[in-house]
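Tertiary structure, described
Residue-level listing of the chains:
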Amino acid sequence: GRETEVAVETEAADMDKKFAPPVANHAQSPLRQLLFSGKFMVFLFFALSGGIGRAVMGNYLERYLGKYYDVKPSGYGVVLCSRTLPELAAFFSTKPLLRRFGPYWLLIAGIGLGTVRIAAYAVLPAEPRTWAYASIGIEALKGISAAMSMVGGTRIAHDFAPAGCE
């Protein structure tokens, strides 16, 4: 009777769902979900702000050191290389830092160190010119800042990613 009729209707509905053509639902696409997430937009703002600060410093640092401190291109190369070792050390030590503080604090610390780097160049005295050697230490902050920002930011982006966007 009625039980058989319900079972047949349920089976028919299941078959319809199983063999129905896929319907594109753009309102629910993973990328759209991600881009319209308020938390992701806040994260994106902070990540882009830190990245823009690093990019501006990277583009103008050579001119700044050359104009105010008479640093030659070979000296500028030494300054750039001085960030590599601290960056590698920071990358190798981020796993325990990530476990202890979490990705948000790691990203904030990275952006904070980048801000300290910019401020250090802003207050670096022009005389005597030997202050140019301080840029080696200042650039160490860039290496640490970049590593912390990348590790924290990558983890946050992965956590925000809806299924299918990892």
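Structure: above.
Parameters and conventions
Residues numbered from 1 in each chain as written. Predicted model: local features only at pLDDT ≥ 70, side-chain atom pairs only at ≥ 80, totals over all residues. Heavy atoms only, no water. Helix = DSSP H or I, 4+ residues; strand = E, 2+ residues; numbered from the N terminus. Buried < 20%, exposed > 50% of the residue type's maximum accessible area, 1.4 Å probe, protein only. Areas by Shrake-Rupley, 256 points an atom, 1.4 Å probe, with all protein chains shown as cover. Core = buried A, V, L, I, M, F, W, Y, C linked by side-chain atoms within 4.5 Å. Contact = heavy atoms within 4.5 Å. Axes fitted to C-alpha atoms, helices over the stretch in contact; angles between N-to-C directions. Parallel < 35°, antiparallel > 145°, perpendicular 65-115°, else oblique. Left-handed = near helix turned anticlockwise from the far one by under 90°. Nonpolar A, V, L, I, M, F, W, Y, C, P; charged D, E, K, R; others polar.

**Some points on the overall build of the protein**
Broken down by element type, the protein carries 6 helices and 0 strands. Within the span of the protein, comprising 166 residues, buried residues form 29% of the whole. Surface summary for the protein: the accessible area is close to 11,200 Å², and the carbon and sulfur share equals 67%.

**Quick notes on the nonpolar core**
Membership of the largest hydrophobic core is limited to 12 residues, which are Met57, Leu61, Leu65, Tyr69, Val71, Tyr76, Val79, Ala120, Tyr121, Leu124, Ala132 and Ile138. Secondary-structure elements contributing two or more residues to this core are helix 3 (38-69), helix 4 (73-81) and helix 5 (84-123). Here the element with the most residues in this core is helix 3; it accounts for 4 residues. Other than its neighbours up to four places away in sequence, Tyr69 contacts Tyr64, Leu124, Pro125, Ala126, Arg129, Trp131 and Ala132.

**Focus on the packing of helix 3 against helix 6 (residues 134-160)**
Running from amino to carboxyl end, helix 3 crosses helix 6 at an angle of 155°, the nearest separation of the two axes being 11 Å. For the element pair helix 3 / helix 6, the angle class is roughly antiparallel. In this structure, the crossing between helix 3 and helix 6 has a hand that is left-handed. Two secondary-structure elements touch here, helix 3 through Lys39, Phe40, Phe43, Arg54, Leu61 and Leu65 and helix 6 through Ser135, Glu139, Lys142, Ser145, Ala146, Ser149, Gly153, Ile156, Ala157 and Phe160. A per-class count over the contact of helix 3 with helix 6 returns 8 nonpolar, 4 polar and 4 charged.

In short, shape yes, function no, at least from these values alone.
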